[in-house]
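Here are the chains, one letter per residue:
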Amino acid sequence: MVSLPHQDPHSLPSPPCLCCRKQKDQFDNLEKHTQWGIDVLEKYIKFVKERTEIELSYAKQLRNLSKKYQPKKNSKEEEEYRYTSTRAFVATLNEMNDYAGQHEVISENMTSLITGELSRYVQELKQERKSHFHDGRKAQQHIETCWKQLEASKRRFERDCKEADRAQQYFEKMDADINVTKADVEKARQQAQLRHQMAEDSKAEYSSTLQKFNSEQHDHYYTHIPNIFQKIQEMEERRIVRIGESMKTFAEVDRQVIPIIGKCLDEITKAAESVDHKNDSQLVIEAYKSGFEPPGDVDFEDFTQPMKRTISESSLSNSRGDGRSEPKFGSKSKGKLWPFIKKNKLSLKLGAGPEDFSNLPPEQRRKKLQQKVDELNRDIQKEMDQRDALTKMKDVYIKNPQMGDAASVDQRLAELGQNIEKLRLEVQKFEGWLAEVEGRLPARTEQPRRQSGLYEAQNPSAVNSCAQDRESSPDGSYTEEQSQETGMKVPATDFDDEFDDEEPLPTIGTCKALYTFEGQNEGTISVAEGEMLYVIEEDKGDGWTRIRRNEDEEGYVPTSYVEVYLDKNAKGAMTYI
């Protein structure tokens, strides 16, 4: 009688079907993860592509900007570039063009070294991944087929054993029955032997199939699947290393152009340092000097005698008619007089003044000195920033000699140190003048009336000195010349008609005189302390305000001498003290 082979239930492995299901789940997880890794790589490629597009767009905009502000040939604008400041600007534009070229280099290198290489690698990675998972699925299908064959052999062996057992029982029953013929008994015996032989054959087949499955299962779990997993792991690790190297290349591409960009910036700095304000000022003086001679004394005309008045009027008429008589103040010889303020305002502004701005009123001098101190402090900060940048560059050259010579920046660092020291000395000088001015100025929180008294008490001659000895024109430039005839009213002439055609300016507010001002120059007007007047033109930044007393009397006064109240529709109320 054939029985099933005995096996210890505790020594049996997990059912292969359950293991295959778990293994399939792991393959699904790995498949999702590797696909996510490829997605990350493609996302990084897209990021670098957009960065290259930005670099190209930025370079294009820089080139267009540089081209837009380049001087046009054979134009009036080209003549302006004879000044050192404008030549420095042209040099800056040229360097910005080279600066744009470095951004184009960044774009080209990133395209060739990162996006191109990674795009090809992604295609290879997809093929490799597909091959590994194909091998994994094939191995799974093979072990599942072996398991199905083992199950079929086992069921067939079990069926044959059961049929052999029933045939044996039937033979024994027939053999014990005395009523059964000998032929029937023999037939039952042969049938039992046949079934027994079939069971033995099924047993041998099942044993062989089981041995083969166990061998295949061992190779599957200890050789094939580990190899596939190892290949997938190596593939994933190569992907991670590759994206890390690409990120490093991303930084190196930028770092390679930094020295060239630094040279562009150094050239811009060099161009800026070549600006010569004295030379530019001299060019302006040579271009716009008028050549007028100062006017001579005005002759006294006696109108007390009719005869003399008649002669004088006749002479004046003849002077206007034929222009051959000796010119008077109001005659056509006005070309020898100083031009009117509006005509010569630019020339006066471009005139050189004292370094300490002592030609200005106290408040305007304080503002100018403060602006100068701020400007010098900004220059010092710029020089210090350049020195810090060069120091960092020198450290980089020391650590990486292949990037440049560290000794090449020593001279520039020394120059920056000298420049900073010179600027600091200049700051100290201007701060001293500023402290001197602020010490003489009245407290700004007190009432205007008290300011006037305090100012006159501290410096009794300051007001008269500013108003008389160093009288300034409305554009802020002082002159020592005083009017010879303060009370004389110049007769209307053709010279005056050139300026009388202008429409009178509308009133934009009122003002109150804080101090007495004696306007003795052309274009100014005298005011008394506490007097109320009309404002017709605001201070344009030159320290003068244009006021009107009545229809016939208007002129400029120092802004610091009046307190201005503008109408609401004229920028609101504002006080100049």
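About the criteria used
- Residues numbered from 1 in each chain as written.
- Predicted model: local features only at pLDDT ≥ 70, side-chain atom pairs only at ≥ 80, totals over all residues.
- Heavy atoms only, no water.
- Helix = DSSP H or I, 4+ residues; strand = E, 2+ residues; numbered from the N terminus.
- Buried < 20%, exposed > 50% of the residue type's maximum accessible area, 1.4 Å probe, protein only.
- Contact = heavy atoms within 4.5 Å.
- Areas by Shrake-Rupley, 256 points an atom, 1.4 Å probe, with all protein chains shown as cover.
- Polar contact = N/O pair within 3.5 Å; in protein donor to acceptor, adjacent residues only side chain to side chain.
- Core = buried A, V, L, I, M, F, W, Y, C linked by side-chain atoms within 4.5 Å.
- Salt bridge = Lys/Arg side-chain N within 4 Å of Asp/Glu carboxyl O.
- Phe/Tyr/Trp six-rings, centres within 6.5 Å; stacked < 30°, edge-to-face > 60°.
- Lys NZ or Arg CZ within 6 Å of the ring centre and 35° of its normal.
- Pairing = 2+ DSSP bridges.
- Expected span 1.5 Å × (residues − 1).
- Bend = angle between axes of the 7 residues up to and from the residue.
- Axes fitted to C-alpha atoms, helices over the stretch in contact; angles between N-to-C directions.
- Parallel < 35°, antiparallel > 145°, perpendicular 65-115°, else oblique.
- Nonpolar A, V, L, I, M, F, W, Y, C, P; charged D, E, K, R; others polar.
- pLDDT = per-residue confidence, 0-100.
- Patch = residues over 30% accessible without salt bridge, like charges linked within 9 Å, V, L, I, M, F, W, Y side chains within 5 Å.

## Points about the overall build of the protein
- Check the secondary structure of the protein and you find twelve helices and five strands.
- Residue burial in the protein is summarised as follows: out of 577 residues, 32% are buried.
- Counting contacts in the protein only where the partners sit at least 6 residues apart, residues at least 24 apart contribute 72% of the total.
- Accessible surface computed for the protein: about 37,000 Å², of which carbon and sulfur atoms make up 51%.

## Here's the deal with the environment of N550
- Inspection of the secondary structure assignment puts N550 in the loop between β3 (544-548) and β4 (554-558).
- For N550, the side chain forms a polar contact with the main-chain nitrogen of E553, separated by 2.9 Å.

## As for the nonpolar core
- Counting residues in each nonpolar core, the largest one holds 28 residues, and the members touching the most others are L41, Y44, M110 and I114.
- Every element with two or more residues in this core is listed here: α1 (16-68), α3 (84-176) and α4 (182-273).
- Ranked by residue count, the leading element in this core is α3, at eleven residues.
- If we ignore the near neighbours within four places in the chain, the residues touching Y44 are I114, L118, I243, S246, M247 and F250.
- By size, the runner-up hydrophobic cluster in this structure holds 18 residues, among which are C511, Y515, W544 and I547.

## Focus on the pattern of salt bridges
- Considering all chains together, one arrives at 25 salt bridges under this definition.
- Between E426 and K429 there is a salt bridge, and its shortest N-O distance comes to 3.3 Å. Of this pair, E426 and K429 are both found in helix α9 (residues 410-440), three residues apart, which corresponds to roughly one turn of the helix.
- Classification of E426 as partly exposed rests on a relative accessible area of 27%.
- Its relative accessible area of 29% is what places K429 among the partly exposed residues.

## Description of the packing of aromatic side chains
- Inspection of the entire model under this criterion finds nine aromatic pairs.
- Aromatic pair F517 and W544: ring centres 6.2 Å apart, planes at 70°, arrangement edge-to-face. Of this pair, F517 sits in the loop between β1 (509-513) and β2 (532-537) while W544 sits in strand β3, and the two are 27 residues apart along the sequence.
- Note on F517: relative accessible area 1%, which makes it buried.
- Residue class for W544 comes out buried when judged on its relative accessible area of 4%.
- Ring centres of F517 and Y561 lie 5.7 Å apart, and the angle between their planes is 75°; this geometry places the pair in the edge-to-face category. Here F517 is found in the loop between β1 and β2, whereas its partner Y561 is found in the loop between β4 and β5 (562-566), with 44 residues between them in sequence. Comparing F517 with Y561, the two get one shared label, buried.
- Within the aromatic cluster, the residues linked to one another by ring pairs are Y515, F517, W544 and Y561.
- Between R242 and the ring centre of Y121, over which it is positioned, the NZ or CZ distance is 4.7 Å.

## Side note on the pairing of β3
- Counting buried positions along β3 yields five of five residues, so the element is predominantly enclosed.
- Side-chain alternation along β3 places W544, R546 and R548 on one buried face and T545 and I547 on a second face that is also buried.
- Taken together, β2 and the strand that follows it, β3, pair antiparallel across an intervening segment of six residues, in which G541 is found at a positive phi of about 100°.
- As judged from the five bridges shared by β3 and β4, these two strands associate in the antiparallel manner. By the bridge assignment for β4, R546 is matched with Y556.
- The antiparallel hairpin formed by β3 and β4 contains five residues in its connecting segment.

## What about α4?
- Look at α4: 134 Å from first C-alpha to last across 92 residues, which is about the 136 Å you get at 1.5 Å a residue.
- Most pronounced at H220, the bend in α4 amounts to some 45°.

## Quick notes on the sheet that holds β5
- Strand order in the open sheet formed by five strands is β4-β3-β2-β1-β5, with antiparallel pairing between adjacent strands. Only two strands of the sheet have a single neighbouring strand rather than two, namely β4 and β5. Between one strand and the next, the sheet's axes are offset by a mean angle of 40°, whatever the strand orientation.
- In this structure, β2 lies alongside β3, joined through three bridges in antiparallel fashion. Of the residues in β3, the one forming a bridge with Y534 is R548.

## Re the packing of α3 against α4
- Viewed as axis vectors pointing N to C, α3 and α4 meet at an angle of 170°, and their least axial separation amounts to 6 Å. Compared by their axis directions, α3 and α4 come out roughly antiparallel.
- Here the residues of the contact of α3 with α4 sort into 46 nonpolar, 19 polar and 23 charged.

## Regarding the environment of L413
- By secondary structure assignment, the location of L413 is in helix α9.
- Note: C-alpha distance between L413 and D388 (25 residues apart in sequence) is 9.1 Å.
- The residues touching L413, leaving out its near neighbours within four places in the chain, are R387, L390, T391 and K394.

## Considerations on α3
- Taking 1.5 Å per residue as the helical rise, α3 with its 93 residues ought to reach 138 Å, and the 136 Å between its terminal C-alpha atoms agrees with that figure.
- For α3, the principal kink sits at T111 and spans about 35°.

## Quick look at the confidence of the model for the protein
- The pLDDT averaged across the protein works out to 76; a share of 72% of its residues lies at or above 70.
- Segment residues 307-351: pLDDT under 50, and 53 contacts once partners within four positions in sequence are set aside and those in other chains are kept.
- Across residues 571-577 the pLDDT falls below 50, and counting only partners more than four positions away or on other chains, this stretch makes 18 contacts in the model.

## Some points on a nonpolar patch on the surface
- On the surface, a nonpolar cluster with roughly 270 Å² of combined accessible area is contributed by L65, Y69 and F89.
- According to the relative accessible area criterion, F89 is partly exposed, its value standing at 35%.

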